[in-house]
Every structure is written in C-alpha cells, then in structure tokens.
Amino acid sequence: MNSYSALRTDDVDTESVESKDSASHIPQDLKKRSSFGYWALAICVLCTAINLVTTFTVPFSSTPPAKPMGSLTANDVRLLRRPSQYIGLEKVVRPSPPEPKSFWIYPIVLAPIDNADKSKVFDDDPKRYASQIGTITPEIRRVLVTDTVSTIAQFRAIDFGMESCELNILIPAVSSADGAAISVYRVNETYALDTRTLSYGTRPQRLQKLSDIPINPDDNVHWHRKFACPSESVLSFELACSTATGHSCNLEWWQDKTQSSMDNSGIYIVQHATI
Ligand SMILES: *[C@@H]1O[C@H](CO)[C@@H](O)[C@H](O)[C@H]1NC(C)=O
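Residues numbered from 1 in each chain as written. Predicted model: local features only at pLDDT ≥ 70, side-chain atom pairs only at ≥ 80, totals over all residues. Heavy atoms only, no water.

A. Representation of the nonpolar core. Ranked by size, the top nonpolar core spans 32 residues in total, and within it Leu-167, Ile-169, Ile-171, Leu-239 and Ile-267 carry the most contacts. Ala-111, Ile-152, Leu-193 and Leu-198 belong to the second largest nonpolar core, which has seven residues in total. (Core = buried A, V, L, I, M, F, W, Y, C linked by side-chain atoms within 4.5 Å. Buried < 20%, exposed > 50% of the residue type's maximum accessible area, 1.4 Å probe, protein only.)

This is the structure:
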C-alpha cells in the first residue's frame, strides 16, 4: 500500500515521516508521469477553449468562401488558359523527316453574320430537335454567303506535333453564279467566339484576304492553303462575297461532322504532322 501514497501529493505534508521516507523509494519516472498528466490535461483544456472560441466566432467574421467551379459562366470557360496536355512528349526521339500523318478537324464555330442587320445574332443551334431523352443538338452547321451575309469559321488545332493546318474549302457548283467569287479572310480572334452574341456588330476584324475563290457554275471548286497552327491555338476565318467581281453571291450549304457530308461542299482543316 505504501508504494501508492506518493501519488496523493496533497497529502504529502500531513504524511508521517515514515511515509515520506517510503515515498523516496518510488521510482523517479512514476513522478514524471504524474506531472505529464497535469500537462496533458492543461493542453486538452486549452484546445477545448480554442475550439469553442473558433466555433462561435469564425463563421460570423470570416469572408464568404471562394466561388465553386459551377459558378463560372460559359464566357469564363471560353477564356480559360489552355496549357499543353503533352508534358515531356517533345523529348521522345522521332523519325526525321516526320512520318506523313494527318487527320481532319471540324470547325468549333461556324456562324453567319449579317451586314444588313448589324445586331442580328443567327440561331446557333438551328437543327435542334426534341427526343425522348431530351433536346438533341446535332453538329450540323450552315455556311451562308450572300451580298450582305458572311460566315465566320473557327478551328482549334488539337493533338501534339500536328502543327501544320491546311484549310480546305469545297464550294459546290452554283449554276446561277456566273463570275461570282468568295473571298476568304483571316480574322483577328484567338479565342472561340460566343455564338450567342456573335453578330456583324461584334465580329472580329479582318486581318488579310487570303484568296478570292471563283464559284464555278458547272463543278465543285476545291481550295486549300496551309498555316502554322500551334497545338490548342484557334484559327479564325471569314467567308464573304467578293466585291472585286461585281457579281452577287448566293451560296449556302449545310455540313455535319461526318466527312462524307463534305464531299461536295464544306469547310474543314486537315492537320499534318510536323515532328
Ligand atoms: C488584334 O486584336 C487585338 C485585341 O483583341 C489587338 O491588340 C491587336 O492589335 C489586333 N491586331 C491587329 C493586327 O489588328
């Protein structure tokens, strides 16, 4: 029994000398453990006090939490930086000259604008239809070129080491188009345009005319030209009626995301391997 008396430190003063003597036989580390208990209790009390203080004060005084990703608008997403997804791929040893590889890409934006109605925004989902599972938005887009209407086309170069882009334009035969021509322009826009606000009034500025492509009354015309296109860059063009010929234009076609839909008419890009 004597060996436990040292733990009741309050009673030490009233203990008999004999009892104090026996306390001196208690191993030193047992005394240390008892003081450790007081410290642990003190820390627990302190932590509890801090928890109580933070629980009742922080929610009322702190700034509102950061916006979740869901509150980004479509316009914010359009302007997001697009870093390379192909980290370290440039270190891979490749055959030189590069193997001739290519694939075609569909426009990310294909939308008419009207000079005669500067604020007119064309329907950007003209072929939508209701189905049992909801509204379907087929990627069927219209190219329309008249005397006042031109069409903006944008492409995003994709993949890695496919940085030569060949713009292809297939203009169908238009029997009434004697002498008319289509002008192709490069326009100053490096982000995907918002087709819900794109109108003549908000159109990107023309940078340079690439070509005048004559419309043939009897046969399709296939025009193509290559551009450098860094991965993830956006290439923007405008198709308009050429004013140089003095003939009026009335050209229209619909194209969808199947290449066969563009056998006779279409605007698309073929990306070629560069490394
Ligand atoms: C293209 O547009 C940007 C602003 O969007 C402007 O700073 C730049 O000067 C324009 N480039 C040309 C050649 O007009």
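That was the structure; now back to the text.
B. Structural view of the state of the cysteines. One pass over the full model with this rule turns up two disulfides. Across the disulfide from Cys-241 sits Cys-249; the S-S distance is 1.9 Å. Looking along the S-S bond of the Cys-241-Cys-249 disulfide, the torsion reads about 75 degrees, which is the right-handed sense. The class for Cys-241 is buried, based on a relative accessible area of 12%. If one numbers only the bonded cysteines of the protein chain, in the order they occur, the disulfide pattern is 1-2, 3-4. (Disulfide = S-S within 2.5 Å.)

C. Representation of the sheet that holds strand E11 (residues 234-241) in the model. Ordered by their spatial adjacency, five strands build an open sheet running E2-E6-E11-E8-E9, and the pairing between neighbours is antiparallel. One side of each edge strand has no neighbouring strand; the edge strands of this open sheet are strand E2 (109-114) and strand E9 (206-214). Ignoring which end each strand starts from, the neighbouring axes of this sheet average 25 degrees apart. Bridge count for strand E8 (residues 181-187) against E11 is five bridges, and the pairing is antiparallel. Paired with Tyr-185 across the two strands is Glu-238, which belongs to E11. (Pairing = 2+ DSSP bridges. Helix = DSSP H or I, 4+ residues; strand = E, 2+ residues; numbered from the N terminus. Axes fitted to C-alpha atoms, helices over the stretch in contact; angles between N-to-C directions.)

D. Local environment of a nonpolar patch on the surface. A contiguous nonpolar surface patch, about 230 Å² in accessible area, is contributed by Leu-72, Val-77 and Leu-80. With respect to the secondary-structure elements, Leu-80 resides in the loop between helix H3 (74-78) and strand E1 (102-105). A relative accessible area of 42% places Leu-80 in the partly exposed class. (Patch = residues over 30% accessible without salt bridge, like charges linked within 9 Å, V, L, I, M, F, W, Y side chains within 5 Å. Areas by Shrake-Rupley, 256 points an atom, 1.4 Å probe, with all protein chains shown as cover. Salt bridge = Lys/Arg side-chain N within 4 Å of Asp/Glu carboxyl O.)

E. Examining the pattern of salt bridges more closely. Following the criterion strictly, the structure yields eight salt bridges and no others. One salt bridge in this structure joins Lys-257 and Glu-139, with 3.1 Å as the shortest N-O distance. With Lys-257 in the loop between strand E12 (250-255) and strand E13 (266-272) and Glu-139 in the loop between strand E4 (134-136) and strand E5 (141-146), the pair connects residues that are 118 residues apart, well separated along the chain. The partly exposed category is assigned to Lys-257, whose relative accessible area is 46%. Judged by its relative accessible area of 36%, Glu-139 falls in the partly exposed class. Ionic pairing is found between Arg-196 and Asp-194, a salt bridge with its closest N-O pair at 3.0 Å. Here the residues in one salt-bridge network are Asp-123, Asp-125 and Arg-128, joined through shared partners.

F. Just the sheet that holds strand E7 (residues 164-171), in detail. Spatially, the four strands line up as an open sheet ordered E1-E13-E7-E10, and their pairing is antiparallel. At either end of the open sheet lies a strand with only one pairing partner, and these are E1 and strand E10 (221-228). Taking the axes of each pair of neighbouring strands and ignoring which way they run, one obtains an average angle of 25 degrees across the sheet. Pairing of E1 with E13, which is carried by four bridges, proceeds in the antiparallel orientation. Counterpart to Ile-105 in the pairing with E13 is Ile-269.

G. Structural detail: the packing of aromatic side chains. Here the structure, examined in full by the defined rule, presents five aromatic pairs. Here Trp-104 and Tyr-106 contribute two aromatic rings whose centre-to-centre distance is 6.5 Å and whose plane-to-plane angle is 75 degrees, an arrangement assigned as edge-to-face. With relative accessibility at 24%, the residue Trp-104 sits in the partly exposed group. Of the residues examined, Tyr-106 reaches a relative accessible area of 8% and is grouped as buried. Between Trp-104 and Tyr-268 the ring centres are 6.3 Å apart and the planes differ by 80 degrees, which places this aromatic pair in the edge-to-face class. With a gap of 164 residues between them, Trp-104 in strand E1 and Tyr-268 in strand E13 connect regions that are remote in the sequence. On the basis of relative accessibility, which here comes to 10%, the residue Tyr-268 falls in the buried class. Joined through ring pairs, the aromatic side chains of Trp-104, Tyr-106 and Tyr-268 make up one cluster. Positioned above the aromatic ring of Tyr-200, the side-chain terminus of Arg-203 is 3.8 Å from the ring centre. For the cation-ring pair, Arg-206 lies above Tyr-185, with the distance from its terminal atom to the ring centre recorded as 4.0 Å. (Phe/Tyr/Trp six-rings, centres within 6.5 Å; stacked < 30°, edge-to-face > 60°. Lys NZ or Arg CZ within 6 Å of the ring centre and 35° of its normal.)

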